[in-house]
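Topology and contacts: notes
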Amino acid sequence: MYRTHTCGQLRLSDAGQTVTLAGWVQKIRNLGAMTFIDLRDRYGITQIVVEEHSTDDIKAIARELGREYVIQVTGNVVERSSKNPKMPTGDIEVAASALKVLNAAETPPFTIEDNSDGGDELRMKYRYLDLRRGPLQRAMMLRHEMAQRIREYLDKQGFLEIETPYMIGSTPEGARDFVVPSRMNPGEFYALPQSPQTFKQLLMVAGYDRYFQIVRCFRDEDLRADRQPEFTQIDCEMSFVERDDILTTFEGLAKHLFKTTIGVEIEDQLRRMPWAEAMAKYGSDKPDLRFGMEICELTAEAQGKGFVVFDSAEYVGAIAATGCASYTRKQIDELTEWVKRPQIGAKGLVWVRFEEDGNVKSSIDKFFNPEELKAWGEKCGAKPGDMMFIMAGGRKQSLNALGELRLEMGERLGLRDRSKFAPLWVVDFPLLEWDDESGRFFAMHHPFTSPMKEDEALLETDPGKVRANAYDFVVNGVEVGGGSIRIFDSKLQAKMFDLLGFTPEEAQKQFGFLMNAFKFGAPPHGGIAFGFDRWCSLFGGADSIRDYIAFPKNNSGRDMMIDAPSVISEAQLKELNLKIEIEKDK
Ligand code: ASP
């Protein structure tokens, strides 16, 4: 046996025992007569002491140790004279009576500590060293814990875990596909699934009425900090259900996860907010409800007083920033620059200051008297000491910018507390989204999402107005999951493809397998998928999903450690019947 205990296990009650530990050298302190070694494994750190009266052999080995050496130590557990209350093992140390180097280590390229000195790229390149660090180990353990709790809950609810293929056919709808050439079928390609969507629906047709899978999905999109080309979903589908059944079942999953992995009890039924309300009050389809500061429309009040910025706008709206009346000119200018950044895209920022003494000052005093501005403040819930920020322009763009400003102010005012959670459902999304550039509708969720029953007639007359029987699970401004009740009638599905600009032939070619399956007795069904990596990072209190994926890719989609993607040999290309031609500017 290499070890009798882990490095996180020993306590004062173990004093007097002889134990053997194995692990990595975190730190060595040579105090002349005595040497202290911090020995680490994923369970913790235990202090080892090589004493003055140790054998020369042990002392010699201790002298040659370096960081990250893998060693084995046998010794007596003794009570420490100076205890470390910050460490679970801080009451004891192990007095080495035998010491063995199992493997020497080169000096690591960065410190293996909670706050490493290594930059992102370097740590990605040596990911196996990065993974030795506490924060990543805790992230991996949280991920494991969540996966166990998910399986526990869904199994109890009668869900079957069924795997679906990773090599499927390419579909143009949605994001870009990653493709894999087929050697046995020259000139043909598989695509990696963006999600198991069609397969889980086929499983419903096949009668497996409760399916789930913790599954990898692949999307060839431009990457941002919170995106990865391969990521994991908790993918679920149910038959003979309506929207409420799905929401109840997965609200149960969410509450179970909150409780069992981070100890947060959620008693009440989650709020179900219509999409239109989310957009109007929060300028976002994923509102952060940890704080108020809701957007308030002032179009009617603001127009007709000769201020052309407002008069020419489709929409005027505001937020009342709590306690910001004391903002200086400089702070306002800085915030104005912030909202003008291309990502936010506002043209400017109008401010109204509600001073503690009841006075009102603003950047639009020329056009509006204090009484008018006070009435706006009342409508928007501004109190003495608050500052109202107003934006005007196109409705969609202004709401979006106000939503971003709301989040930014929430951040600056410390209202986005990571230990607080505000989950909700957003429902009643539009079914279709018009795209000016291509002059056609796109499915807001995906083409298999059913319209709300009461809106079905609008499909013929005003498709843009049709609401989808779809829902998102949102926590703290993050879309953690989304799904819909599906179309299960082949005629309605064909109608949907028609609206999305597919010819019947194209629809048949790409989704014929699904529409044909619907002709053989498809049950009503619906489902949802949660972003597993994202949910982990949310519970772990991190911004990026990267730390919750053992071997992630960088922002250019590269695995820095194994240096992939990479070129393949001529022989491999030949075997695959492929010729490579790279455009000059690439
Ligand atoms: N497959 C969908 C997605 O990945 C989720 C769902 O509708 O179940 O967004």
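Bear in mind that the values here come from a model prediction, so they are computed numbers and not experimental data.

Some points on helix H15 (residues 504–517)
Because an α-helix completes one turn every 3.6 residues, residues spaced three or four positions apart along the sequence face the same direction. A rise of 1.5 Å per residue sets the reference length of H15, with its 14 residues, at 20 Å; its end C-alpha atoms lie only 16 Å apart and thus fall more than 12% short of the reference. Taken as a whole, H15 carries its principal kink of about 85 degrees at Phe511. Burial in H15 covers these residues: Ala507, Phe511, Gly512, Leu514, Met515 and Ala517. Buried residues in H15 make contact with helix H5 (197–205) and helix H14 (490–499).

Considerations on the site of the ligand
Around the ligand, 13 residues are found, and the nearest of them are Gln197, Lys200, His445, His446 and Arg486. Here an oxygen atom of the ligand and a side-chain polar atom of Arg486 are 2.8 Å apart. Protein chains shield 88% of the accessible area of the ligand, which is 270 Å² for the free molecule. At the level of elements, H5, strand E21 (478–485) and strand E22 (525–531) are the ones that each hand at least two residues to the shell around the ligand. Take the shell around the ligand: its biggest share by element is three residues, from E22. Split by residue class, the shell around the ligand holds two nonpolar, eight polar and three charged.

Section: unusual backbone geometry
A cis amide bond links Ala564 to the next residue, Pro565, at an omega of 5 degrees. Along the chain, the position of Pro565 falls in the loop between helix H16 (532–540) and helix H17 (570–575). Of note in the backbone geometry, Asn577 takes a positive phi value of approximately 60 degrees without being a glycine. In this structure, Asn577 sits in the segment after H17. Asn577 gets classed as partly exposed once you look at its relative accessible area, which sits at 46%.

Focus: the sheet that holds strand E1 (residues 18–31)
Each strand in a sheet pairs with its neighbour through backbone hydrogen bonds, running either in the same direction (parallel) or in the opposite one (antiparallel). Read around the closed barrel, five strands run E1-E2-E3-E5-E4, paired in mixed fashion. Strand-to-strand twist of the sheet, defined as the mean angle between neighbouring strand axes without regard to direction, takes the value 55 degrees. Bridge analysis of E1 against strand E4 (residues 70–79) gives seven bridges, and the strand direction is antiparallel. Its bridge partner lying in E4, Gly23 is registered against Ile71. Taken strand by strand, helix H1 (residues 56–64) contacts strand E3 (44–50) and strand E5 (92–103), and its axis lies near 70 degrees from that of E5.

Looking at the nonpolar core
The biggest cluster of nonpolar side chains holds 38 residues, and the ones touching the most others in it are Leu154, Phe250, Trp425, Phe473, Phe530 and Trp535. Setting aside chain neighbours within four positions, we find Phe473 in contact with Ala254, Phe258, Leu270, Pro423, Leu424, Trp425, Val478, Glu479, Val480, Gly481, Phe530 and Trp535. Leu431, Leu432, Val474 and Leu492 belong to the second-largest nonpolar core, a separate cluster that totals 29 residues.

A closer look at the environment of Met140
Position of Met140 among the secondary structure elements: in helix H4 (residues 134–156). Distance from Met140 to Asp547, taken between C-alpha atoms, is 8.3 Å for residues 407 residues apart in sequence. The contact partners of Met140, leaving out residues within four places of it in the chain, are Leu131, Asp547, Tyr548, Ile549 and Ala550.

A look at the pairing of E5
The sheet contact formed by E3 and E5 spans two bridges and is parallel. Residue pairing in the sheet places Val49 in a bridge with Ala95 of E5. Pairing of E4 with E5, which is carried by ten bridges, proceeds in the antiparallel orientation. Looking across to E5, one finds that Gly75 is bridged to Ala96.

Analysis parameters
Residues numbered from 1 in each chain as written. Predicted model: local features only at pLDDT ≥ 70, side-chain atom pairs only at ≥ 80, totals over all residues. Heavy atoms only, no water. Helix = DSSP H or I, 4+ residues; strand = E, 2+ residues; numbered from the N terminus. Expected span 1.5 Å × (residues − 1). Bend = angle between axes of the 7 residues up to and from the residue. Buried < 20%, exposed > 50% of the residue type's maximum accessible area, 1.4 Å probe, protein only. Contact = heavy atoms within 4.5 Å. Near = heavy atom within 4 Å. Polar contact = N/O pair within 3.5 Å; in protein donor to acceptor, adjacent residues only side chain to side chain. Areas by Shrake-Rupley, 256 points an atom, 1.4 Å probe, with all protein chains shown as cover. Nonpolar A, V, L, I, M, F, W, Y, C, P; charged D, E, K, R; others polar. Pairing = 2+ DSSP bridges. Axes fitted to C-alpha atoms, helices over the stretch in contact; angles between N-to-C directions. Core = buried A, V, L, I, M, F, W, Y, C linked by side-chain atoms within 4.5 Å.

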